[in-house]
Each structure stands twice: as structure tokens, then as C-alpha cells.
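These are the residues of each chain, in order.
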Amino acid sequence: MRIKLIIFDFDGTLADTFPSFVRVFDRAADKYGFKPLDRERQGILRGLDARQIMAHHEIPLWKVPAIARFMRTRMADDIANIALFAGIDQALRALHAQGVMLTVVTSNAPANVRAILGPELLALFSHVECGASLFGKPSKIRKVLAASAIAPRHAMLIGDEIRDARAAADTGIGFGAVAWGFNHVDALAAQHPQRIFRHVDDLLDLSPDTALLGRG
């Protein structure tokens, strides 16, 4: 089973949005009445999944859509301070040149994704699905698979969160975990990804000839 399609998460995988996320999270906490980010326990939080983090900060599920909209809008105000991780642009160009189909599935807003990627890199992606709900990535992944006409066994989701791993499992595609995002790499390894990318340059090892192995 060879890789024909890579579905990238955006925040924490392609773009270093965490500093902006922290600032916006605290503004949302003040507006919607939940606990601000627990900076003293950031190391512990990096080992938790999204539902556990919500419980820790006392965020009710019914408030999540409004909070997400608020945070996407406020992040746009901070867009000048957000950049791609070093080396991501070269990795994307290399993968595209090798014939791998590139797509994005993200909860971030389309305008934010366009602004951070820029027109040259954006043109490398055949599909960009934005605005996924907190637990809504599987439906977006299925939409990308249908549009690309590529079977799940030839696709890999590359992301930085436990919920990315679970979205990949739910849709029958491979999962590649990156070590430079939100969830700690050990927490991601516990989800049994096909690949762990410890450095951005490790993405350069992927090509259409890369075999997708079963989850470990």
C-alpha cells in the first residue's frame, strides 16, 4: 500500500500557531467564562486529548462552536505573528514535485490558512477543507477522499494531536504523528501511528514509493 494522498492538519503541524492560540484562548476564557490556560501544567496538558483538556478548563461542549468561531476570528487579528514551521515550505514543494497529492483538513478559517500559506504554497494543495468542528475532522477527511478518488489505504493524515490520530482511525487512513506540535510525541506514539516525524526534514522521506504499514 503506497502513499498517494497526504492530508495535513494545519495548526501545530504546518503552522506554528500555538503562541497565538494561547493569547486567543485566554481572551475566549474571559468572554465565555471558562478557566484560562493552565500554564503551570502545560507539560501535563500536552499528554491529554481534547475532551480531557475541555474538562480541565471547565469548557462545556455546547459552548465549543461559539468559542471556536471567536478564536478563529481573533487569530486573524494576530496573523502577522504566525508563520509556518521552519522547513515546511521546502517539504511541501518536495512532496508535490514527487507526485504526492497534498490536501489540508483543519478547524482554522480559510482566510487564516490562505494568509499563512501564501498563494505559492496554497497552489500545491488540491483540496483545502477548513472550519472542521472540534470532533468533525472525519467528515472532512471523507470529503477529501471522495473528491480525490483515492482509496483510504493510500492516504495518510499527518497531525499533531490525539484527535488527529482518532480521525485517521475512524476513516481508515494512515496516521503520521509530528513531534513539534501540541500533543507530546509520547502521547501520539500511544495511538500507534504508522510514522513518527521527529523533525520537519523527516517529511522529506515520504514519496509515492513509501509503504503505509499497519499501526504498531
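Throughout what follows, the structure given in this document is the object of discussion.

1. Digging into the overall build of the chain
Within the chain one finds nine helices and six strands. Its C-alpha radius of gyration of 16 Å places the chain within 12% of the 17 Å reference for a compact globule of 216 residues. The C-alpha extent of the chain, read off along each of the three principal axes, is 50 × 35 × 30 Å. Evaluated residue by residue, the chain yields a buried proportion of 51% over its 216 residues.

2. Section: the pairing of strand E5 (residues 174-178)
Judged by how many residues are buried, E5 sits mostly within the fold: five of five residues are covered. Neither face of E5 is exposed, since Gly174, Gly176 and Val178 on one face and Phe175 and Ala177 on the opposite face are all buried. By the bridge criterion, four bridges tie strand E4 (residues 155-159) to E5 in an arrangement that is parallel. Residue pairing across strands places Gly159 opposite Ala177, the latter belonging to E5. One crossover worth recording links E4 to the parallel E5 by way of helix H8 (residues 162-171), and it is right-handed. Bridge count between E5 and strand E6 (residues 195-197): three bridges; the pairing is parallel. Looking across to E6, one finds that Ala177 is bridged to Ile196.

3. What to know about the nonpolar core
Phe8 and Leu203 are the most contacted members of the largest nonpolar core, which has 32 residues in total. When residues of this core are traced back to their parent elements, those giving at least two are strand E1 (5-8), helix H5 (88-97), strand E2 (101-105), helix H6 (110-122) and E4. Those residues in contact with Phe8 that lie beyond four places of it in its chain are Thr13, Leu14, Leu92, Leu95, Leu102, Thr103, Val104, Val105, Phe125, Leu157, Ile158 and Leu203. In terms of nonpolar packing, the next biggest core, distinct from the first, is built from 18 residues, Leu5, Val105, Ile150 and Ala167 among them.

4. Some points on the pattern of salt bridges
Counted under the stated rule, the structure contains 10 salt bridges. With a closest N to O distance of 2.5 Å, Asp78 and Arg23 form a salt bridge. Here the residue Asp78 occupies a position in the loop between helix H4 (64-77) and H5, and Arg23 occupies one in helix H1 (residues 18-32), the gap between them amounting to 55 residues. A residue is classified by how much of its surface remains accessible, and Asp78, at 11% relative accessible area, is buried. Within this structure, Asp9, Lys137 and Asp164 form a network of salt bridges that share partners.

5. Looking at the sheet that holds E4
With parallel pairing, six strands are arranged side by side in an open sheet as E3-E2-E1-E4-E5-E6. In this open sheet, the two strands that pair with only one neighbour each are strand E3 (125-129) and E6. This sheet shows a mean twist of 20° between the axes of neighbouring strands, independent of strand direction.

6. Things to note about the packing of aromatic side chains
Any aromatic ring pair is given by two values, namely how distant the centres are and how the planes are angled relative to each other. Going through the model one piece at a time under the given rule, you end up with six aromatic pairs. Aromatic side chains Phe25 and Phe34 sit 5.2 Å apart centroid to centroid with 75° between the ring planes, which places their arrangement in the edge-to-face category. The exposure classification of Phe25 matches that of Phe34, with both residues buried. Counting every residue linked through ring pairs, the aromatic cluster contains Phe18, Phe21, Phe25, Phe34 and Phe182.

7. Some details on helix H7 (residues 137-148)
A rise of 1.5 Å per residue sets the reference length of H7, with its 12 residues, at 16 Å; its end C-alpha atoms lie 16 Å apart and thus fit the reference within 8%. Contacts made by the buried residues of H7 are with E1, E2, E3, E4 and H8. Of the residues trailing H7, Ala149 is marked for its positive phi of about 60°.

8. A short note on the packing of H7 against H8
Pairs of packed helices are described in terms of their axes, by the angle between the two and the distance that separates them. Orientation of H7 relative to H8, taken along the N-to-C sense of each, is 50°, at an axis distance of 9 Å. Our classification of the angle between H7 and H8 gives oblique. In this structure, the crossing between H7 and H8 has a hand that is right-handed. Contacts between H7 and H8 involve Lys137, Pro138, Ile141, Arg142 and Leu145 from the first element and Arg163, Asp164, Ala167, Asp170 and Thr171 from the second.

Conventions and cut-offs
- Residues numbered from 1 in each chain as written.
- Predicted model: local features only at pLDDT ≥ 70, side-chain atom pairs only at ≥ 80, totals over all residues.
- Heavy atoms only, no water.
- Helix = DSSP H or I, 4+ residues; strand = E, 2+ residues; numbered from the N terminus.
- Rg over C-alpha atoms; globule rule 2.2 N^0.38 Å.
- Buried < 20%, exposed > 50% of the residue type's maximum accessible area, 1.4 Å probe, protein only.
- Pairing = 2+ DSSP bridges.
- Right-handed = clockwise from strand over helix to strand, strands pointing away.
- Core = buried A, V, L, I, M, F, W, Y, C linked by side-chain atoms within 4.5 Å.
- Contact = heavy atoms within 4.5 Å.
- Salt bridge = Lys/Arg side-chain N within 4 Å of Asp/Glu carboxyl O.
- Axes fitted to C-alpha atoms, helices over the stretch in contact; angles between N-to-C directions.
- Phe/Tyr/Trp six-rings, centres within 6.5 Å; stacked < 30°, edge-to-face > 60°.
- Expected span 1.5 Å × (residues − 1).
- Parallel < 35°, antiparallel > 145°, perpendicular 65-115°, else oblique.
- Left-handed = near helix turned anticlockwise from the far one by under 90°.

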